[in-house]
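Analysis of the macromolecular model
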Amino acid sequence: MDLFEYARQKNDKKEAPLAGRMRPITLDEVVGQEHIIGKGKMLYRAIKADKLSSVIFYGPPGTGKTTLAKVIANTTEANFIQMNATTSGKKEMQEAIKEAKEALGMYQKRTILFIDEIHRFNKAQQDYLLPFVEDGTIIMIGATTENPYFEVNQALISRSNVFQLKPLENAAIKELIYRAVEDEEKGMGIYHARIEEDAADFLADMAEGDARSALNAIELGVLTTEPDEKGQIVIDLAAASECIQRRVTRYDKGGDNHYDIISAFIKSMRGSDPDAAVYYLARMMEAGESVTFIARRIMICASEDVGNADPQAIQVAVACAQAVEKIGFPEAQIILSQAVTYVACAPKSNSACEAIFGAVSAVRNKKNGQVPNHLRDAHYKGAAKLGHGIGYKYAHDYAHHYVKQQYLPDELVGTTFYEPGQEGYEKEIKKHLEFLKNGE
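Description of the structure in this document. None of the values given here were measured: they were computed from a predicted structure.

**Considerations on the overall build of the protein**
In terms of regular secondary structure, the protein is built from 20 helices and 7 strands. Across its three principal axes, the protein shows a C-alpha extent of roughly 100 × 65 × 40 Å. Taking as baseline every contact in the protein between residues at least 6 positions apart, the subset at least 24 positions apart corresponds to 71%. Carbon and sulfur atoms form 52% of the exposed surface of the protein, whose accessible area is close to 24,600 Å². Treating the 52 positive side-chain charges of the protein as one cloud and the 62 negative ones as another, the clouds have centres 7 Å apart.

**Remarks on the pairing of strand 1 (residues 55-58)**
Burial along strand 1 is two-sided: Val55 and Phe57 and Ile56 and Tyr58, pointing in opposite directions, are all buried. Relative to strand 4 (residues 139-144), strand 1 runs parallel, the two being bridged by 4 bridges. Note on strand 4: the bridge partner recorded for Tyr58 is Thr144. Looking at chain direction, strand 1 and strand 5 (residues 161-164) are connected through 4 bridges and run parallel. The partner of Val55 across the bridge, within strand 5, is Asn161.

**Topic: empty space enclosed by the protein**
Inspection of the entire model under this criterion finds 1 cavity of 30 Å³ or more. Looking at the largest cavity, its volume works out to about 30 Å³. Looking at the largest cavity, the residues that line it are Ala46, Ile47, Asp50, Lys51, Leu52, Ile72, Thr75, Thr76 and Ile112. Listed by contribution, the elements that provide at least two residues to the lining of the largest cavity are helix 4 (42-48) and helix 5 (65-75). In terms of residue class, the lining of the largest cavity is built from 5 nonpolar, 2 polar and 2 charged.

**Points about the sheet that holds strand 1**
The parallel open sheet is built from 5 strands, whose spatial order is 2-3-4-1-5. Of all strands in the sheet, those bounded by a partner on one side alone are strand 2 (79-84) and strand 5. Neighbour to neighbour, the strand axes of the sheet diverge by 15 degrees on average, direction disregarded. Running over the sheet, helix 5 touches strand 1, strand 2, strand 3 (111-116) and strand 4 and is turned about 145 degrees from strand 1.

**Structural notes on the environment of Val152**
You can see Val152 is positioned in the loop between helix 8 (148-151) and helix 9 (154-158). Expressed as a C-alpha distance, the spacing of Val152 and Leu168, which sit 16 residues apart in the sequence, is 24 Å. Setting aside chain neighbours within four positions, we find Val152 in contact with Ile56, Ile118, Gln126 and Ile157.

Parameters at a glance
- Residues numbered from 1 in each chain as written.
- Predicted model: local features only at pLDDT ≥ 70, side-chain atom pairs only at ≥ 80, totals over all residues.
- Heavy atoms only, no water.
- Helix = DSSP H or I, 4+ residues; strand = E, 2+ residues; numbered from the N terminus.
- Contact = heavy atoms within 4.5 Å.
- Areas by Shrake-Rupley, 256 points an atom, 1.4 Å probe, with all protein chains shown as cover.
- Lys, Arg positive; Asp, Glu negative; His and termini not counted.
- Charge placed at Lys NZ, Arg CZ, Asp CG, Glu CD.
- Buried < 20%, exposed > 50% of the residue type's maximum accessible area, 1.4 Å probe, protein only.
- Pairing = 2+ DSSP bridges.
- 1 Å grid on protein atoms, 1.4 Å probe; cavity = no way out; pocket = protein on both sides within 12 Å on 5 of 7 lines; lining within 4 Å.
- Points joined across faces, edges and corners; volume = space filled by probe spheres on them.
- Nonpolar A, V, L, I, M, F, W, Y, C, P; charged D, E, K, R; others polar.
- Axes fitted to C-alpha atoms, helices over the stretch in contact; angles between N-to-C directions.

Read these as layout, nothing more, since geometry by itself doesn't imply function.
In structure tokens form, the structure reads like this:
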């Protein structure tokens, strides 16, 4: 590194955003994530002893994935190479492997290769790393906001320890906020600003576990707030609310969190909890989810989980889907709320759902018998000669518009696919079927 490069790096560090400047250098400076890096935990011991094996850090933005990689870089005696999968390709990987082989061969020095956003590498790029992880040429650290079990090559997963980082607790965010305000070397301490406790509480809560979001708000607040009559910059609740005007909404429509929220939404409707269901509806709407996507899920739930316990539910859901397409936001949220709360509060039955699953299983796994002759089409020429339609009993000619006769193929006679439940209207269906079959 020449003098100019050194000066450039020093200047870059000085001008970097607060969140970048405040990154911990040592493991003991890291705040939060005690479940994986608390003293005595495996990862803590491995980093301290410089005996790290390949790992993948998985978690939402701002939870410390890159921070942990930087701490490892500062702690290890191994050669450390960093790349970002959004800007790096096979050429950069080949150069990194070449450097790792030279360090190992010439100096018996291990190489840690940190790949940020590893899920951005395609399958071929991930496959390229496999033999070098396998033979120890590199120790890989991958960081990803996406579920690695979906987005990362399973062969890489099997050769790595996966650590899930969780959104930081409010107390941890608050500690970082105070540290950023007071630290004169890396933080905003040179401004001698002060943050009031309720403002710190507010920012910690609004950040939703994202340290970067809270630190960005602090930096903006200190740099833009006018000093008071005593000449001191005071970040009060009003100033804090201006710096982070909207709560950080964790919802990536193409990512892991998307599936978690929609799963919770459906399970809340199925579980008859209208409060939780409408809450997750709000989460999706605030994140800009498609109304069509939401409406489809309501319709599915109305049929799969409510079914004939309340046949009105599917009608409400379909009407909702049609209405929101015509109306749009913001009024569509009222219609969605009506449908969601209706489906959530409706009596539940999955009997219709189980019926089709059972029937499909029978079709796929059992011999498909012949349609009984008396049920076959009798309208074409020659049908009578084949016995088709002969002996069919027209239900409306009998009392209660019902008559006993065989409908299933011989191989399935006596099989029951639909078992009405005891909830809602399905209780009446069950009673009606028993009356017809038993004559009671």
